[in-house]
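Structural features, examined
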Amino acid sequence: MKKSIILIILIILSQQIKANRDSLYIPKYENQLQYLSRDEEFFCDACGCAAGNGSSGFESLLNPQFIGVKYFAQHYKAKENLFTQDLTQDQYFNTIQVWGKIPVTRKLSIYGSIPFQFHEKKTLQGNINISGIGDASMMGIYEILKSKNEYHQLNGGVGIKIPLGKFDEKGITGVNPSFQLGTGSWDYQLALSYKFQKNLFALMLNTDYTIKTENKKHYQFGNQWNYAVTGFYRLWRNENSVFSGKLGMQGEVYDWNKQFGEVMPRTAGSALYGKLGFEVSYKKFSLGNELMLPAYTQLAGGDIEARSRFSLFINFGI
């Protein structure tokens, strides 16, 4: 089933590249959309931990500068304890965040987000819930180059995560030490994004690397590398509206966590997801969603398994 999902995604993407019909742009928003290539697909989820962190870019293809609200849900299965091989514990990570992107110059934009998190894990002893503000993020995004025909664009970003979320030292003793509101550390991110856009189709390749530091409790979450390929296809438009579909794949690789400088076993891992979604714009508003299902998951030495992710956002262009 997982191999079939990957094969279907690759076939559809390859067919969409052949598309050569009228423009993806709405003439009314053409000048605004020229800014988009500098800003898309840079977003680091506030948790910044191994399992429990999601990286999914600037979803909005339709508003180049915006303020908005996004809901992001993740589901994992984990071992109830270290003495069983069964993945019986359901873990749910939920985030509601306010985010925005503001242009500073023609080539430079600033992105920021502040999340509120409410997580739950179901254990044999009862459900455990935590909630509160998470870690804030800020990133500067710069246009490195753009071809004269505007088909090809390359952008880079440098970001920082501010440790506003509470880090609970007791939480690192569980199967998933990422069951936290925040990392408790200042973390730093480097990102690159390439975009090809012609006619009805856009293809985006993205990668980012997050450097995580030791917090005051002498715990350090492992560095994280994300990569993604996403195809966008304009399905319908009129004078004020655009409806686009998107399809792609996203991978994540996590390094070992450390405590007092010592590597913590069974904390590294990786996962690969297939994803699909849509985005619709009406005047200055845009609405979009994304569903992600794992094609491969090997987290925490097999103690944690990724199940699904879902996001929904609404943005207002400024």
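Rules of the game
Residues numbered from 1 in each chain as written. Predicted model: local features only at pLDDT ≥ 70, side-chain atom pairs only at ≥ 80, totals over all residues. Heavy atoms only, no water. Helix = DSSP H or I, 4+ residues; strand = E, 2+ residues; numbered from the N terminus. Buried < 20%, exposed > 50% of the residue type's maximum accessible area, 1.4 Å probe, protein only. Areas by Shrake-Rupley, 256 points an atom, 1.4 Å probe, with all protein chains shown as cover. 1 Å grid on protein atoms, 1.4 Å probe; cavity = no way out; pocket = protein on both sides within 12 Å on 5 of 7 lines; lining within 4 Å. Points joined across faces, edges and corners; volume = space filled by probe spheres on them. Nonpolar A, V, L, I, M, F, W, Y, C, P; charged D, E, K, R; others polar. Core = buried A, V, L, I, M, F, W, Y, C linked by side-chain atoms within 4.5 Å. Salt bridge = Lys/Arg side-chain N within 4 Å of Asp/Glu carboxyl O. Pairing = 2+ DSSP bridges. Polar contact = N/O pair within 3.5 Å; in protein donor to acceptor, adjacent residues only side chain to side chain. Phe/Tyr/Trp six-rings, centres within 6.5 Å; stacked < 30°, edge-to-face > 60°. Lys NZ or Arg CZ within 6 Å of the ring centre and 35° of its normal. Contact = heavy atoms within 4.5 Å. pLDDT = per-residue confidence, 0-100.

1. Examining the overall build of the chain
The helix and strand tally for the chain stands at two helices and 16 strands. By residue count, 53% of the 318 residues in the chain fall in the buried class. Taken as a whole, the chain presents about 14300 Å² of accessible surface, with 63% of it coming from carbon and sulfur.

2. Some words on the layout of surface pockets
If a probe as big as a water molecule is rolled over the atoms, it shows which places are left empty. Looking at the second largest pocket, its volume works out to about 190 Å³. If you trace the second largest pocket, you find it lined by Lys121, Ile128, Ile130, Lys166, Asp168, Lys170, Gly171, Thr173, Gly174, Phe179, Gln180 and Leu181. Looking at the lining of the second largest pocket residue by residue, the classes come out as four nonpolar, four polar and four charged.

3. Section: the nonpolar core
Grouped together as the largest cluster of nonpolar side chains are 13 residues, with contacts concentrated most on Tyr76, Tyr273, Leu299, Ile304 and Ala306. Mapped onto this core, the elements with two or more residues apiece are β1 (66–79), β14 (269–282), β15 (285–299) and β16 (304–317).

4. So, the pattern of salt bridges
Summed over the entire model, instances satisfying the criterion amount to nine salt bridges. Of the charged contacts in the structure, one is a salt bridge between lysine 79 and aspartate 303, with a shortest N-O distance of 3.1 Å. Of this pair, lysine 79 sits in strand β1 while aspartate 303 is found in the loop between β15 and β16, placing the two residues 224 residues apart along the sequence. By relative accessible area, which is 7% here, lysine 79 ends up buried. A relative accessible area of 4% means that aspartate 303 is categorised as buried.

5. Overview of the sheet that holds strand β12 (residues 258–259)
Within the open sheet, the three strands sit side by side as β9-β12-β13. Their pairing is antiparallel. On the outer flanks of this sheet lie β9 (219–220) and β13 (262–263), each paired with one strand and no other.

6. Details of the side chain of asparagine 215
With respect to the element layout, asparagine 215 can be found in the loop between β8 (201–212) and β9. Note on asparagine 215: relative accessible area 6%, which makes it buried. Within the structure, asparagine 215 has its side chain in polar contact with the backbone oxygen of threonine 183 (distance 2.9 Å).

7. Structural notes on the packing of aromatic side chains
Per the stated rule, a full pass over the model turns up 12 aromatic pairs. Ring pairs connect the aromatic residues Phe66, Trp99, Tyr111 and Phe313, which therefore count as one cluster. Lying across the ring of phenylalanine 72, lysine 70 places its NZ or CZ 5.1 Å from the centre. Here the basic side chain of lysine 121 rests over the ring of phenylalanine 179, its NZ or CZ set 4.7 Å away from the ring centre.

8. Describing the environment of arginine 266
Mapped onto the fold, arginine 266 is located in the loop between β13 and β14. Residues arginine 266 and aspartate 303, spaced 37 residues apart in sequence, show a C-alpha to C-alpha distance of 7.7 Å. What arginine 266 contacts, discounting residues up to four positions off in sequence, is Lys79, Trp256, Ala300, Gly301, Gly302 and Asp303. A distance of 2.6 Å separates the side chain of arginine 266 from the backbone oxygen of glycine 301, its partner in a polar contact. Side chain to side chain, arginine 266 and aspartate 303 meet in a polar contact 2.8 Å long.

9. Looking at the environment of isoleucine 211
Looking at where isoleucine 211 falls in the secondary structure, it is placed in strand β8. Considering only alpha carbons, one finds isoleucine 211 and phenylalanine 221, 10 residues apart in sequence, at a separation of 9.2 Å. When residues no more than four places from it in sequence are discounted, the contact partners of isoleucine 211 are Asp187, Tyr188 and Asn223.

10. So, the confidence of the model for the chain
In low-pLDDT segments, the atomic positions of the prediction should not be examined closely. In the predicted model, the chain carries a mean pLDDT of 82, and the fraction of residues at 70 or more is 79%. Note that residues 5–62 has pLDDT below 50 and, in this model, 195 contacts with residues that lie over four places away or in other chains.

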